[in-house]
Amino acid sequence: NNSGHYHRTLRRMMEPYFAPKFVSNYFKIVDETTTEILDKWASSDAFLSSEVFKLYALKVFYASSFGRVDDEVITPLHDDLTIWLNGAFTVSTKRIPGTNFDEGMKA
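Asker: Got a sec to walk through helix 2 (residues 20–43)? Specific residues and values, please.
Answerer: Counted at 1.5 Å a residue, the expected span for helix 2 with its 24 residues is 34 Å, and the 35 Å between its end C-alpha atoms agrees. Residues of helix 2 that are buried include every one of Ile-29, Thr-33, Thr-34 and Ile-37, and no others. Looking at the packing, one finds that the buried side of helix 2 touches helix 3 (50–66).

Asker: Tell me about helix 4 (residues 71–88), and please be specific about residues and values.
Answerer: Since there are 3.6 residues in each turn of an α-helix, residues three or four apart along the chain are aligned in direction. The first and last C-alpha atoms of helix 4 sit 25 Å apart over 18 residues, in line with the 26 Å expected at 1.5 Å per residue. Among all positions in helix 4, only Ile-74, His-78 and Gly-87 are buried. Those residues of helix 4 that are buried lie in contact with helix 3 and helix 5 (100–106).

Asker: Quick rundown of the pattern of salt bridges? Include the residues and the values.
Answerer: Counted under the stated rule, the structure contains eight salt bridges. Residue Lys-59 is joined to Glu-36 by a salt bridge in which the shortest nitrogen-to-oxygen separation is 3.3 Å. With a gap of 23 residues between them, Lys-59 in helix 3 and Glu-36 in helix 2 connect regions that are remote in the sequence. Close ionic contact of Asp-102 with Arg-95 constitutes a salt bridge, the shortest N to O distance being 2.9 Å. Judged by its relative accessible area of 6%, Asp-102 is buried. Taken together, the salt bridges that share partners define one network made up of Glu-36, Lys-40, Lys-59 and Asp-71.

Procedures and definitions
- Residues numbered from 1 in each chain as written.
- Predicted model: local features only at pLDDT ≥ 70, side-chain atom pairs only at ≥ 80, totals over all residues.
- Heavy atoms only, no water.
- Helix = DSSP H or I, 4+ residues; strand = E, 2+ residues; numbered from the N terminus.
- Expected span 1.5 Å × (residues − 1).
- Buried < 20%, exposed > 50% of the residue type's maximum accessible area, 1.4 Å probe, protein only.
- Contact = heavy atoms within 4.5 Å.
- Salt bridge = Lys/Arg side-chain N within 4 Å of Asp/Glu carboxyl O.

In short, the description is geometric, and any link to function would need to be established separately.
Right under this line is the structure:
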């Protein structure tokens, strides 16, 4: 049947990402990224806002998906994603300059 064929096609496409070699590499990248960030946080005496934890989650996602990613790349992506999410969850979808929706559309 058609849905069985679709399921088999998706499964074949996704199989490589669940192979033991890929999963062990994923674990290695997550571990390295987490250790690197924890070392930065431990050496800082500054207050850490919730934004650093959101940035951490984004960095782990990008590192595990695409390999090592510099902070210069992740930070603007994080900022744009924050603006976009703020615009996505607004009451009005009218594009009024200066509103969260307008800023989200620009991002």
